[in-house]
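# Overview (structure and organization)
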Number of protein chains: 2
Amino acid sequence: MPPVSLKVLARELNLSVSAVSRALNDRSDIAQHTKDRVRALASKLNYEPNPYASSLRGTKTKTIGIIIPAVHNHFFSLAINGIEEVARENDFHVLISLTHEEPEQEASIIQVLAGGRVDGVLLSTARNSQASTHLNVLRDRGIPVVFFDRVYEDLPTATVTTDDYASGYQATRHLLEAGCRTVAHLTISDTLSIGKRRLQGYVAALQDWGLAYEEELVLQGHANEALNTPLIEALLRKRPEIDGIFASVEMLAMSSYEACRNLGLSIPEDVKVIGFSNLEIASLLNPPLTTITQPAYAIGREAARLLFRAIQENVHLLPADSVELKSELSSRRSTARL
Amino acid sequence: MPPVSLKVLARELNLSVSAVSRALNDRSDIAQHTKDRVRALASKLNYEPNPYASSLRGTKTKTIGIIIPAVHNHFFSLAINGIEEVARENDFHVLISLTHEEPEQEASIIQVLAGGRVDGVLLSTARNSQASTHLNVLRDRGIPVVFFDRVYEDLPTATVTTDDYASGYQATRHLLEAGCRTVAHLTISDTLSIGKRRLQGYVAALQDWGLAYEEELVLQGHANEALNTPLIEALLRKRPEIDGIFASVEMLAMSSYEACRNLGLSIPEDVKVIGFSNLEIASLLNPPLTTITQPAYAIGREAARLLFRAIQENVHLLPADSVELKSELSSRRSTARL
DNA sequence: TTGTATGCGTTATCAT
DNA sequence: ATGATAACGCATACAA
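Bear in mind that the values here come from a model prediction, so they are computed numbers and not experimental data. (Residues numbered from 1 in each chain as written. Chains lettered and ligands numbered in written order. Predicted model: local features only at pLDDT ≥ 70, side-chain atom pairs only at ≥ 80, totals over all residues. Heavy atoms only, no water.)

## Here we look at helix 2 (residues 17-24) of chain B
All names here are of chain B.
- Those residues of helix 2 that fall on the buried side of the exposure criterion are Ala 19, Val 20 and Ala 23. One side of helix 2 carries all its buried residues, which in axial view fall inside an arc of 100°.
- Check the buried side of helix 2 and you find it contacts helix 1 (6-13) and helix 3 (32-44). (Buried < 20%, exposed > 50% of the residue type's maximum accessible area, 1.4 Å probe, protein only. Helix = DSSP H or I, 4+ residues; strand = E, 2+ residues; numbered from the N terminus. Arc of directions from axis to C-beta. Contact = heavy atoms within 4.5 Å.)

As structure tokens, this is what we get:
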């Protein structure tokens, strides 16, 4: 069955297309009686305005794009939840695209979305994305962007992040206070914004404790998650004095658990582990994992809120509009002082 | 900066709009030389065709819709991964909408998507959705739908599911073989397709063991996840002879762990637990959780593949096109025979 | 209060 | 080989 258009309604009601259009948009220059007739038929026939025709005229697509590395990740799925909710409140739709951590994918997605598919973009960058030139298309088209969590630091727009430096410092201090003297740091990328900041916090904490920073103790995880456990095992074998692990992402904390299990190392007796994580069930792990939890849902909401300000009130987003939220450390048995 | 349109390219090249259009679409009636000129300028100016204008002419939006209860759930996020991948392979976009388990939301989302926003829909129904009449809009508009995991059983279209009855039977048998004699079943809904089938498998297994089915041992979880732990605690207190729990979804298995911990019950000594789950880290739980794992990623891919067959080859999907995949039981310590 | 005409960006059809 | 024109569905400016 062909979709119900204004034309169909107009023919049926012996009205002009424009009269029907205005009736449905509740314009003041249409008789109440006519509005009633039109609305009755529209709902009877399940009329739904073609959003693409509207956007072709105006240039609001009522759609925002989310570009993230993966959805299969507690942090991102919680963030999406927050974003989707705000979008719904604003009567917008959400287009989701995954980069799978590949900068080229990220660039191509942006290029396509910029072609008029969305009114705004929420972006958390791929692990190895470096130059931000592929974002120029968005700027040129006047499509606002808000970064969340993983940001490009040199871009003149708003970001929503957490206090990664402070959290990195705090996590490391937590291990040192628990008695660790040789703390390894597992990161996903030392060029990525969050990777850099968390690492800086780690380094600063070591310094304050009078401990030397050793590059060898910093392990960069592999994109292929299956490879991380053996990498960590190798590190623990090479440096058996390691008594603490600070994992900058959930996945690396889990790989650390597996590595310790495979090597017969006990947590927290032999090695203490702390990790960034949004696992609700951290307390059900063996042993319960000490976590730094980011307010993922709030981050999503906040980022979306900023984006809608830009879209609907037509304000230009500036770095000064950026928001920083706090993460929370939950101490559990994986870092217990013995 | 205004977006680059065909008109802009045409003016710049002293060509007609239609010539430019055909050049970009690589039509045979355009001189190679001209094609080259056009393509060069297009890529120089980052020309991107306006997808909404194309879809207005044709009626392919190059977009599919995913409608699911939540994204914050391992099963669904893995499925999305599979779907997004197939969509990308077909050069399609993915619109994602969450029902938050509310049938009204589901209906309203469908109504809106049917208004020409997507070329096809992948749907996993909300927990309490009953009537499927809100899907008629899609049928009327000729928009194909593929259900995955949670399906409407009375609908003449294809579904992608797992062998839920067999899995329910197998899970229950697993507990009985481990020595359990009073097995509770935790479900999210006994009207939902997957809930019904898993329950039927549970009932059949009890029967084959000569055990009576007791309605009291079947607990329906609450949509508000926080309420489930106390509900399970209450059940365990009321029926202290319960020595096995079969949780039909991951969340309820986790709540069972918490309930047991709160009551001081040991797993698997006092109570054995098995649950449907896509937690990669089930083996890191305390104790490691015996799981029935659905091939979530494959389900997503398969559902998307079917949908694209319908969209691109214009075939009408029938129940006979449905696919059933197998889940896998991984036995771990939570159901160890002692 | 309602109708007519126009244009958004694209593509198909029919000229030239 | 290229150009002119019309149409998709909608919303606006203007006419009646």
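## Side note on the interface of chain A and chain B
- The interface of chain A with chain B comprises 55 residues on the first partner and 55 residues on the second.
- Viewed at the interface, chain B and chain A are joined by zero salt bridges.
- If you look at where chain A meets chain B, you find 24 residue pairs in polar contact (both at pLDDT 80 or more).
- Breaking the side of chain A that touches chain B down by element, the ones donating at least two residues are helix 4 (51-57), helix 5 (74-89), strand 2 (93-98), helix 6 (103-113), helix 7 (136-141) and helix 11 (250-263) of chain A.
- For the side of chain A that touches chain B, the leading source of residues is helix 5 of chain A, giving eight residues. (Salt bridge = Lys/Arg side-chain N within 4 Å of Asp/Glu carboxyl O. Polar contact = N/O pair within 3.5 Å; in protein donor to acceptor, adjacent residues only side chain to side chain.)

## Thoughts on the protein's contact with DNA strand D
- Around DNA strand D, the surrounding shell holds 25 residues, and the nearest of these are A:Leu6, A:Tyr47, A:Arg57, B:Ser16 and B:Asp29.
- Within 4 Å of the protein, the contacting atoms of DNA strand D are drawn from sugar and phosphate to the extent of 60%.
- Residue A:Leu6 places a main-chain N or O atom 2.6 Å away from a phosphate oxygen belonging to DNA strand D.
- Here a phosphate oxygen of DNA strand D sits 3.3 Å away from a polar atom, N or O, in the side chain of A:Ser21.
- Contributions of two or more residues to the surface near DNA strand D are made by helix 1 (6-13), helix 2 (17-24) and helix 4 of chain A together with helix 2 and helix 4 (51-57) of chain B. (Near = heavy atom within 4 Å.)

## Overview of the nonpolar core
- Membership of the largest hydrophobic core comes to 86 residues, with the highest contact counts inside it found for A:Leu285 and B:Leu285.
- Discounting residues that sit within four places of it in the chain, B:Leu285 has contacts with A:Ile281, A:Leu284, A:Leu285, A:Asn286, B:Met254, B:Tyr257 and B:Leu279.
- Formed by 65 residues, the second largest nonpolar core is a distinct cluster that contains A:Ile66, A:Ala87, A:Leu122 and B:Ile80. (Core = buried A, V, L, I, M, F, W, Y, C linked by side-chain atoms within 4.5 Å.)

## Focus on the relation of the copies chain A and chain B
- Mapping chain A onto chain B leaves a residual RMSD of 0.1 Å; the transformation is a rotation of 180° accompanied by 0.0 Å of translation along its axis. Read as a symmetry element, the transformation amounts to a two-fold axis.
- Looking at chain A, 100% of its interface residues are interface residues in chain B too, so the copies touch through the same face. (Least-squares fit on C-alpha atoms with pLDDT ≥ 70 in both.)

## Description of the environment of B:Arg22
- Mapped onto the elements of the fold, B:Arg22 is located in helix 2.
- Beyond its immediate stretch of four places on either side in the chain, B:Arg22 contacts B:Arg27, B:Asp29 and B:Ile30.

## So, the domain arrangement of chain A
Residues and elements named next belong to chain A.
- Assigned domains of chain A: these are domain 1 (6-53), domain 2 (63-161 + 296-326) and domain 3 (164-295 + 329-335).
- Between domain 2 and domain 3, the C-alpha centre-to-centre distance is 28 Å.
- If you look at the interface, domain 2 gives 18 residues, while domain 3 gives 19 residues.
- Interface area, domain 2 with domain 3, both sides summed: about 1600 Å², of which 47% is carbon and sulfur.
- It is His 74, Arg 127 and Glu 153 in domain 2 that bury the most area against domain 3; as a group they hold 42% of the surface buried on that side.
- Linking domain 2 with domain 3 are three salt bridges, by the criterion used here.
- A salt bridge links Lys 196 to Glu 153, with the shortest nitrogen-to-oxygen separation between them at 3.1 Å.
- Counting across the interface, domain 2 meets domain 3 through 10 residue pairs in polar contact (both at pLDDT 80 or more). (Domains from an automatic or database assignment. Buried area = accessible area lost by both parts, 1.4 Å probe.)

## Remarks on the protein's contact with DNA strand C
- In the vicinity of DNA strand C lie 26 residues, with A:Asp29, A:Arg57, B:Leu6, B:Tyr47 and B:Arg57 positioned nearest.
- Between A:Arg22 and DNA strand C, the recorded distance is 2.8 Å, taken from a side-chain N or O atom to a base nitrogen.
- A distance of 3.4 Å separates a phosphate oxygen of DNA strand C from a polar side-chain atom of B:Lys7.
- Counting only elements with at least two residues in the surface near DNA strand C, the list comes to helix 2 and helix 4 of chain A together with helix 1, helix 2 and helix 4 of chain B.
- Across the surface near DNA strand C, the residue classes break down as 10 nonpolar, 10 polar and six charged. (Nonpolar A, V, L, I, M, F, W, Y, C, P; charged D, E, K, R; others polar.)

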